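Residues per chain are reported as follows:
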Amino acid sequence: MSNKGVDIGYVEEKDSWLLHPRFFPSKVGGKPSWLNLSNVLSPTELTCKHCTDVMMFLCQIYAPFEEQDDTFHRTLFVFICKNGSCCRLNNSDNIKVFRCQLPRKNEFYSFQPYEENKEEVFPMDKWTKLCHVCGLKAPSHCSNCKNVYYCCRKHQILHWQKGHKESCTNVSEIDDHYFTITESGKDLLFKEWELIVDEEDEEDVKDVDTNEEMEKLRKLIQEQKAGTMNDVNDSELEEYSRNIPEDKLFNKFNKRIARHPDQVLRYDKGGTPLWITGNSNVLIDVPNCQYCNEERQYEFQIMPQLLNFINVGIELNSIDWGVLAIYTCKQSCNKGPAYKEEIVIKQDLTT
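Criteria and cut-off values
Residues numbered from 1 in each chain as written. Predicted model: local features only at pLDDT ≥ 70, side-chain atom pairs only at ≥ 80, totals over all residues. Heavy atoms only, no water. Helix = DSSP H or I, 4+ residues; strand = E, 2+ residues; numbered from the N terminus. Buried < 20%, exposed > 50% of the residue type's maximum accessible area, 1.4 Å probe, protein only. Contact = heavy atoms within 4.5 Å. Salt bridge = Lys/Arg side-chain N within 4 Å of Asp/Glu carboxyl O. Phe/Tyr/Trp six-rings, centres within 6.5 Å; stacked < 30°, edge-to-face > 60°. Lys NZ or Arg CZ within 6 Å of the ring centre and 35° of its normal. Pairing = 2+ DSSP bridges. pLDDT = per-residue confidence, 0-100. Core = buried A, V, L, I, M, F, W, Y, C linked by side-chain atoms within 4.5 Å. Disulfide = S-S within 2.5 Å.

- Looking at an unreviewed UniProt entry, the protein chain carries the name MYND-type domain-containing protein, with the source organism given as Pieris brassicae.

### Describing the overall build of the protein chain
Okay, step 1: A count of helical and extended segments in the protein chain gives four helices and 15 strands.
Okay, step 2: Expressed as a percentage of its 351 residues, the buried residues of the protein chain come to 51%.
Okay, step 3: Across the protein chain, every contact between residues at least 6 apart in sequence was considered, and the portion connecting residues at least 24 apart equals 72%.

### Some remarks on the pattern of salt bridges
Okay, step 1: All chains considered together, the criterion is met by 13 salt bridges.
Okay, step 2: Linking lysine 14 and glutamate 194 is a salt bridge whose minimum nitrogen-to-oxygen distance equals 3.2 Å. Of this pair, lysine 14 sits in the loop between strand 1 (7-12) and strand 2 (27-28) while glutamate 194 sits in strand 10 (residues 193-199), placing them 180 residues apart in sequence.
Okay, step 3: The partner of arginine 259 in a salt bridge is glutamate 200, and the shortest N-O contact between them spans 3.7 Å. Here arginine 259, found in the loop between helix 4 (248-257) and strand 11 (265-267), pairs with glutamate 200, found in the loop between strand 10 and helix 2 (210-222); they are 59 residues apart in sequence, far enough to count as distant.
Okay, step 4: On the basis of relative accessibility, which here comes to 8%, the residue glutamate 200 falls in the buried class.
Okay, step 5: Within this structure, Glu200, Arg256, Arg259 and Arg266 form a network of salt bridges that share partners.

### So, the packing of aromatic side chains
Okay, step 1: Summed over all chains, the structure comprises 15 aromatic pairs.
Okay, step 2: Aromatic pair phenylalanine 79 and phenylalanine 98: ring centres 6.4 Å apart, planes at 75 degrees, arrangement edge-to-face. Of the two residues, phenylalanine 79 is situated in strand 4 (residues 73-80) and phenylalanine 98 in strand 5 (residues 95-102); the sequence distance between them amounts to 19 residues.
Okay, step 3: Using a relative accessible area of 0% as the deciding quantity, one classes phenylalanine 79 as buried.
Okay, step 4: Through pairs of rings, three or more aromatic residues link up here, namely Phe24, Tyr62, Phe108, Tyr109, Tyr114, Phe122 and Trp127.
Okay, step 5: Cation over ring: arginine 104 sits above phenylalanine 111, and NZ or CZ is 4.0 Å from the ring centre.

### Quick notes on the sheet that holds strand 4
Okay, step 1: Judged by pairing direction, the sheet is antiparallel, and its 11 strands sit side by side in the order 14-5-4-3-2-10-1-11-12-13-15 without closing on themselves. Edge strands, defined here as strands with exactly one partner in the open sheet, are strand 14 (340-341) and strand 15 (343-347).

### So, the confidence of the model for the protein chain
Okay, step 1: Taken as a whole, the protein chain shows an average pLDDT of 84; of its residues, 77% reach a score of 70 or greater.
Okay, step 2: Confidence drops under pLDDT 50 across residues 172-178; counting only partners more than four residues distant or on other chains, this segment forms 13 contacts.

### Structural notes on the nonpolar core
Soluble globular proteins tend to pack their nonpolar side chains together in the buried interior.
Okay, step 1: Leu58, Phe79 and Trp321 are the most contacted members of the largest nonpolar core, which has 70 residues in total.
Okay, step 2: Taken together, the elements giving at least two residues each to this core come down to strand 3 (56-62), strand 4, strand 5, strand 7 (149-150), strand 10, strand 11, strand 12 (296-302) and strand 13 (323-329).
Okay, step 3: Each residue touching leucine 58, except ones within four places of it in the same chain, is listed here: Val28, Gly29, Val78, Phe79, Ile80, Phe190, Ile302, Leu306, Ile310 and Trp321.
Okay, step 4: Grouped together as the second largest cluster of nonpolar side chains are 14 residues, Ile257, Tyr298, Ala325 and Leu349 included.

### Remarks on unusual backbone geometry
Okay, step 1: At threonine 52, a residue that is not glycine, the phi angle is positive and equals roughly 70 degrees.
Okay, step 2: Considering the arrangement of structural elements, one finds threonine 52 in the loop between strand 2 and strand 3.
Okay, step 3: Phi is positive for asparagine 293, close to 70 degrees, though the residue is something other than glycine.
Okay, step 4: Residue position: asparagine 293 is located in the loop between strand 11 and strand 12.

### Some thoughts on the state of the cysteines
Okay, step 1: Counting across every chain of the model gives zero disulfides.
Okay, step 2: With no disulfide of its own, cysteine 151 lies closest to cysteine 152 among cysteine sulfurs, the gap being 3.6 Å.
Okay, step 3: Residue class for cysteine 151 comes out buried when judged on its relative accessible area of 8%.
Okay, step 4: Looking at the unpaired cysteine 329, the closest cysteine sulfur is the one in cysteine 292, lying at 3.6 Å.

What follows is the structure in structure tokens.
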């Protein structure tokens, strides 16, 4: 991450083995590439406050603090409940974010960077057992083969139904990416991408047609991909669309993202979020860090464009957000558990 200005993130396809924890990736979807390998998050720490289902991994950002020895490696992990009905207006109870950090010298990784070698052995099960389906901490295993682990009975049943029943006794067929686990006809995990971060252009793009960009975002809204609109009928949506240009923050948002239309993330530690609308009652009252009682600061935000890349669908009951703004401990303290919960503010595009 750059020390000045705003960094923007966009996604690219990459082989899964290159997104292994030893390469300290920033990534979207798939299974989390944990940083601390001994004390990974369990299902009980990732329960949705609305439906009590286990949240799924959305993305992670590798963001070390160079000024501190104990944050040489530092990653932020975001999880979200996949039940669209749990997406409530300007409410983040279906989302959680965690911070994890390590000094350069630690028990898991080499002091020197790893070479990109697919054949290199790095046994993850040396540290902890992970769910074969979602990658969370797995307290139970298949009672038959005893080689595959699960975070919950639901994921064990899904895995059995989707192919483990046939391969259970054949250890050679048990592979992290052998099965595509689906539920109700949809992939359980989000589509996996590498997250590439680069500096934002400093000046506005002069030849961008702002009206064209606004039409693109309106289309996202109508497809349920840029803010919770589940209760809006056609006539209300039409009236809403006519009123959008009066929202000065929305116009500012549109003009700014036009520099990089495919951006899915903005990183600006200590800066200010790029809010999507001024027509919102979201008040920013971010509590101090629960571990050290120091102030939290804004660090990054997830953009609505990410919804286009993770195969969530456009149905009324699909997950949805305007922007997700992440606030973290200003000191990036090292107190508390290995994975420390931080704060996410969800803002939706509403009238």
